[in-house]
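In case you want the letters, here they are:
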Amino acid sequence: MFKAIRIVQPNQITLANLKLPRLQADEVLIKVMASGICGTDIHILRGDYIAQYPIIPGHEFSGVIEKIGESVSRFEIGSKVAVEPNISCDNCYNCLNNRQNYCKNWQAIGVTKSGGMAQFVVVPEKSVFNIDKLQYEYAAFMEPLSCVLHGLKKVKINPGDRVVVFGAGPIGILFLQMVRLQGAVHVSVLENITSRAALAEHYGADQIFQNISDFDKDNFDVVIDATGVISLMEQTIDLVRTGGGVLLFGVPPAEQKLKLEGMKLFQKGLTIFSSFTSVRNSYQAIALLEAGKIDVSDLISHRLPLSEFERGIKLIEKGDDDVKKVMILPQQ
Ligand SMILES: [Zn+2]
Ligand SMILES: [Zn+2]
């Protein structure tokens, strides 16, 4: 038996005692050591995201392999691993065009299949990556960092670029560090929560503003929105220089329209990108974390046992000043 958080239906959570599932030949059983709460978990709990209920949430996690199926070849018992949650069929139109993130038969661990907010989870071998000496809590950032890397494959950062990032939550801070690695010489951050602004400063932002009106217009080669706030997304095109790039990364509320001035888009010759999850970016993410090129050590604000998952969600929803990444440690 093992403990797991179950979202029975929107807004209804239980801490369940479940029987360990049987392993298929190509699956591994992972003892979960660290599992990060993400905005998506909140959407699943609140019922505004494509999930299959009841669901064990958790798609940003790491742990140690406890058992392996007969045909598993890359791992052994005791391997330390992190999990890439998206599972593609590799046999649909989108998969066969290297757009596995839009797989027609898409499944995701922690969204449509049992996830990592549990003491144990069973996942296919192909979703699993070795983390070697990387700490479990840091390895739990493999998934969010993969998404950031995917976004930065779309909007290109060139050496010498000036970049602005909207939002200094965990994702904004990952962007701040990544664009620096890619050669940005100036990174500004927009953030109105004091502790998050301080975090951006700690991670080396050149300039931090609380209000978007404080920025000079037409002054950035690349503008990245990591907030999903519609009014801010609309203003990305004011800050970017002519010929520059905009990456709309934050998740906006559903069914709300974005108002962009057509003439401005036309005159500035902008390129606007969106980005959805990731496509095979896990190896790079682990390499960056392992090499210490991306530092997540100051991004975790809370470490809670499984039984306090709901409290963790509420902390994030309240948006209190000191809340950053909330990490669930299921073995505690
Ligand atoms: Zn996530
Ligand atoms: Zn597919």
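All of these numbers come straight from a predicted model, not from anything done at the bench.

**Digging into the domain arrangement of the protein chain**
Item 1. Taken domain by domain, the protein chain consists of domain 1 (2-141 + 299-328) and domain 2 (148-274).
Item 2. The C-alpha centroid of domain 2 is placed 28 Å from the C-alpha centroid of domain 1.
Item 3. Counting residues at the interface gives 7 residues for domain 1, matched by 8 residues for domain 2.
Item 4. Residues of the side of domain 1 that touches domain 2, tallied by class, amount to 1 nonpolar, 1 polar and 5 charged.

**Digging into helix α5 (residues 194-202)**
Item 1. Restricting attention to buried positions, one finds in α5 the residues R196, L199 and A200. All buried residues of α5 project into a common sector of 100 degrees when viewed along the axis, lining one side. Exposed residues lying more than 90 degrees from the buried face of α5 are T194 and H202.
Item 2. At its buried positions, α5 is contacted by α4 (170-181), β11 (186-190) and β12 (207-209).
Item 3. Just past α5, the residue G204 takes up positive phi, approximately 90 degrees.

**Notes on the packing of helix α1 (residues 39-46) against helix α9 (residues 309-318)**
Item 1. One way to put it is that α1 packs onto α9 with a least axis distance of 10 Å and a crossing angle of 105 degrees. Considering their axes alone, α1 and α9 lie roughly perpendicular with respect to each other. Taking contact as the criterion, the partners of D41, I42 and L45 in α1 are, on α9, I313, I316 and E317.
Item 2. Its residues placed into classes, the contact of α1 with α9 shows 4 nonpolar, no polar and 2 charged.

**Notes on the pairing of strand β3 (residues 27-36)**
Item 1. Counting buried positions along β3 gives 9 out of 10 residues, so the element sits mostly inside the fold.
Item 2. Across 5 bridges, the pairing between β3 and strand β8 (residues 120-124) is antiparallel. Along β8, the bridge assignment pairs E27 with P124.
Item 3. Strand direction decides the pairing type here: β3 and strand β4 (residues 61-68), joined by 7 bridges, are antiparallel. For V28, the partnering residue across the bridge sits in β4 and is I68.

**A few points about the sheet that holds strand β14 (residues 240-248)**
Item 1. As summarised here, the arrangement of the 6 strands in space is β12-β11-β10-β13-β14-β15, forming an open sheet in which the pairing is parallel. Each of the sheet's edge strands pairs with one partner strand only, and the pair in question is β12 and β15 (271-274). Across the sheet, the mean angle from the axis of one strand to that of its neighbour is 15 degrees, orientation sign disregarded.
Item 2. Relative to β15, β14 runs parallel, the two being bridged by 4 bridges. Among the inter-strand pairings, L248 is bridged to a residue of β15, identified as S274.

**Concerning the environment of Q207**
Item 1. Structurally, Q207 can be placed in strand β12.
Item 2. Residue classification places Q207 among the partly exposed positions, given that 14 C-beta atoms sit within 10 Å.
Item 3. In this structure the C-alpha to C-alpha distance between Q207 and K293, which are 86 residues apart in sequence, comes to 21 Å.

**Some points on the nonpolar core**
Item 1. Among the nonpolar cores identified, the biggest contains 94 residues, and L145, V163, V165, F175, I224 and L289 are the most heavily contacted of them.
Item 2. In this structure, this core is formed jointly by two domains, domain 1 (2-141 + 299-328) and domain 2 (148-274), each of which donates at least three residues.
Item 3. The residues touching V163, leaving out its near neighbours within four places in the chain, are I157, V179, A184, V187, F220, D221, V222 and I224.

**Points about the environment of I224**
Item 1. By the secondary structure assignment, I224 is in strand β13 (residues 220-225).
Item 2. Those residues within four positions of I224 in sequence are excluded, and the remaining contacts are V163, V165, F166, F175, L247 and F249.

**Some remarks on the environment of V222**
Item 1. Take V222: it is sitting in strand β13.
Item 2. Separated by 14 residues in sequence, V222 and T236 place their C-alpha atoms 9.2 Å apart.
Item 3. Sequence-distant contacts of V222, defined by excluding residues within four places in its chain, comprise V155, I157, D161, V163, G244, G245 and L247.

**Let's talk about the packing of helix α3 (residues 142-154) against α4**
Item 1. At a minimum axis distance of 10 Å, the contact between α3 and α4 shows a crossing angle of 50 degrees. Here α3 lies oblique to α4, going by the angle between them. Between α3 and α4 lies a crossing whose hand is right-handed. Between α3 and α4, the residues in contact are P144, L145, V148 and L152 and P170, I171, L174, F175 and M178, respectively.
Item 2. Residues belonging to the contact of α3 with α4 are distributed by class as follows: 9 nonpolar, no polar and no charged.

So, how was this worked out
Residues numbered from 1 in each chain as written. Chains lettered and ligands numbered in written order. Predicted model: local features only at pLDDT ≥ 70, side-chain atom pairs only at ≥ 80, totals over all residues. Domains from an automatic or database assignment. Contact = placed C-beta atoms within 7 Å. Nonpolar A, V, L, I, M, F, W, Y, C, P; charged D, E, K, R; others polar. Buried ≥ 20, exposed ≤ 12 C-beta atoms within 10 Å, placed from the backbone. Helix = DSSP H or I, 4+ residues; strand = E, 2+ residues; numbered from the N terminus. Arc of directions from axis to C-beta. Axes fitted to C-alpha atoms, helices over the stretch in contact; angles between N-to-C directions. Parallel < 35°, antiparallel > 145°, perpendicular 65-115°, else oblique. Pairing = 2+ DSSP bridges. Core = buried A, V, L, I, M, F, W, Y, C linked by C-beta atoms within 7 Å. Left-handed = near helix turned anticlockwise from the far one by under 90°.

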